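Structural features, examined
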Amino acid sequence: MHPTPALNSNSEIPLYRQLFEYIALQIRSGELAQGERLPATRELAGQLGLNRATVSAAYELLETEGLISGQVGRGSFVTGLPPEGRALGAARDWAGRGPTPLARVNWPLLLERGDQGLSAQASPTGRDVISFVMSRPSRELFPLDDFRASCEAVLLRHDLADILQLGSPSGYEPLRRYLLDGARAQGLATAGDDLIVTNGCQQALDLIARTLLRTDDVVAVEDPVYPGLKSLLTGMGVQLAGIPVGADGIDLPQLERVLSRERPRLLVVTSNFQNPTGATLPLASRRSLLQAARSAGVPVVENDAYGELRYEGEPLAAIKQLDDQSGTVLLRSFSKVSFPGLRVGWALGPKALIDRMRHAKESSDLHTDQLSQAVLLEFAESGRLAAHRACMLEAGATRLGATLEACREHLPPGARWTRPQGGMNVWVRLPEPLDAAQLLPRAQKEGVAYLPGRYFAVSRQDAGALRLSFAGLPPERIRQGLAILGRIFAGELEAASLNFEPAPAMV
């Protein structure tokens, strides 16, 4: 297709719809002739830097409109037929008055809610690809023998039949009690608090949102923000008020202005090693944030998925620990320090809220997977979790160090990056005029993937930003990947400088 379509990721019109309209116009104008073959979805997605599913949705809509025809093993070809000349299928009515088109479900139209997915998540993830995309632990670090031992211990228990029975939506009760007792011992839980075990922090966020929020409510969030939260809230029709995140976490003066001006229903904040920036909120800022939220009467959701992954420095008191007015809900998870595939997290907060979350969870999945939770409890109580976390901290520190060193060595002059003390992510800002999203297809072709900053943006678009998730890669792959990225970025920066034409002098 020529020329390349100018798609706008910031438009209210979904990307697949923009692509559909562009190709449809080319077909109807005759620029794409009948019988002409369209690029394969994977090929076009790579050319445009899109998710393959986005291109597939555009092609499906084109086929629904009768403009193209897909042929198995050969590809998609232009038919050029207008919608009114298309036969989706024919049948004669009772009077025999001729063919009547059969109805056909228009899935792209029904599913049209904006292109909010992580298209870079669909980038190649094979063994040969150096992927900085996923914020997750390395599978090579999983202590499989210890995990098998924990499974065997649970399978040999006398109450195994009860564990395999339908479980309470609050979670496997021994694990729930273990977590609640631990929270009380750490000063995190007050007498009025309760705890619910969830399928990770994402489900906890979903339950809180379904319990507290309605369409058009405003929620104050970090900017840039964790994409899972962004997709969850916008999918519910909630309005996001983005608060900039700097080296010391969320911008407190801007937060106070938003609390006063927007009157948000909720504030969601990451206290430790924020995703995507890696920033940690200092203790004094935690107190100030809590006071500002309290003055505005706004509850705080403290998403602390990465807090257990501190590689240097002293741990800070959680916002929940500082709150003596029961205005904070704390979310934590086993996913980052053990086995993310087991999907076990929890929410700690006021009993009235936890009760409502339990009802919301019950309406969603009715019961709980007690076997996974029983295995994780055994893994923790046996001391195996503590031993594994020590290995995770050692490996994480090494991998973070390799990432920062490789950034210094390979990224072009003018590039900046965060220097977190823990977590799984480093936030990079490339020098102008580099655009991380535009450069992604080139990186993918050379076997490296990352997430551009646009997937994390709320209201502030930062074209040069990208996230490097380092925890899943060994140090040598981190260095190799950043060497490739550095070469691509430096080459593009040099080309941009050669093409720069200064404005004529004013005389």
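The following refers to the structure shown.

Here is what the cut-offs are and how they apply
Residues numbered from 1 in each chain as written. Predicted model: local features only at pLDDT ≥ 70, side-chain atom pairs only at ≥ 80, totals over all residues. Heavy atoms only, no water. Core = buried A, V, L, I, M, F, W, Y, C linked by side-chain atoms within 4.5 Å. Buried < 20%, exposed > 50% of the residue type's maximum accessible area, 1.4 Å probe, protein only. Helix = DSSP H or I, 4+ residues; strand = E, 2+ residues; numbered from the N terminus. Contact = heavy atoms within 4.5 Å. Pairing = 2+ DSSP bridges. Axes fitted to C-alpha atoms, helices over the stretch in contact; angles between N-to-C directions. Polar contact = N/O pair within 3.5 Å; in protein donor to acceptor, adjacent residues only side chain to side chain. Expected span 1.5 Å × (residues − 1). Arc of directions from axis to C-beta. Parallel < 35°, antiparallel > 145°, perpendicular 65-115°, else oblique. Nonpolar A, V, L, I, M, F, W, Y, C, P; charged D, E, K, R; others polar.

Moving on: the nonpolar core. Nonpolar side chains in soluble globular proteins generally cluster together in the buried interior. Core analysis: the largest hydrophobic core is formed by 92 residues, its most contacted members being Phe 132, Leu 331, Tyr 450, Leu 468, Leu 482, Leu 485 and Phe 489. Broken down by element, this core gets its largest block of residues, eight residues, from helix α15 (residues 384–410). Once you skip the residues sitting within four places of it in the chain, Phe 132 turns out to touch Val 448, Ala 449, Tyr 450, Arg 467, Leu 468, Ser 469, Leu 473, Ile 478, Gly 481, Leu 482 and Leu 485. With 22 residues, the next largest nonpolar core counts Ala 24, Leu 32, Leu 50 and Leu 62 among its residues.

Here the focus is the sheet that holds strand β4 (residues 193–198). Read from one edge to the other, the open sheet built from eight strands follows the order β4-β11-β10-β9-β8-β5-β6-β7, with strand pairing classed as mixed. Two strands close off the open sheet at either side, each with one partner strand: β4 and β7 (249–250). Bridge count between strand β5 (residues 218–223) and strand β8 (residues 266–269): two bridges; the pairing is parallel. Along β8, the bridge assignment pairs Ala 220 with Leu 267. Its contacts with the sheet put helix α10 (residues 252–261) on β5, β6 (239–246), β7 and β8, and the angle it makes with β6 is roughly 165°.

A few words on the side chain of Thr 418. One can find Thr 418 in the loop between β12 (416–417) and β13 (425–429). Note on Thr 418: relative accessible area 19%, which makes it buried. Side-chain polar atoms of Thr 418 contact the backbone oxygen of Thr 277, separated by 2.8 Å. Beyond its immediate stretch of four places on either side in the chain, Thr 418 contacts Thr 277, Leu 404, Val 426 and Trp 427.

Bringing the sheet that holds β13 into the picture now. The strands making up a sheet are joined through hydrogen bonds of the backbone, oriented either antiparallel or parallel. Strand order in the open sheet formed by four strands is β12-β13-β16-β15, with antiparallel pairing between adjacent strands. Looking at the sheet topology across the chains shown, the edges are occupied by β12 and β15 (451–452). Judged from the two bridges that link them, β15 and strand β16 (residues 465–469) form a sheet pairing that is antiparallel. Within β16, the residue paired with Leu 451 across the bridge is Arg 467.

A few words on helix α11 (residues 283–296). For α11, with 14 residues, the first-to-last C-alpha span of 20 Å sits near the 20 Å given by 1.5 Å per residue. Where α11 is concerned, the buried positions are Ser 285, Arg 286, Leu 289, Leu 290, Ala 292 and Ala 293. Taken around the axis of α11, the buried residues stretch over an arc of 165°, which confines them to a single face. α11 presents Ala 284 and Ser 295 as exposed residues on the side facing more than 90 degrees away from its buried surface. Buried-residue contacts for α11 involve β7, α10, β8, β9 (300–303), α12 (319–322) and β10 (328–333). Positioned one or two residues after α11, Gly 297 has a phi angle of 70°, which is positive.

Axis separation between helix α8 (residues 200–212) and helix α13 (residues 351–365) bottoms out at 9 Å; the angle between their running directions is 105°. In terms of axis orientation, α8 runs roughly perpendicular to α13. Mapping the contact onto sequence places Gln 203, Ala 204, Leu 207, Ile 208, Arg 210, Thr 211 and Leu 212 in α8 and Leu 353, Arg 356, Met 357, Ala 360, Lys 361, Ser 363, Ser 364 and Asp 365 in α13. Residue composition of the contact of α8 with α13, grouped by class: seven nonpolar, four polar and four charged.

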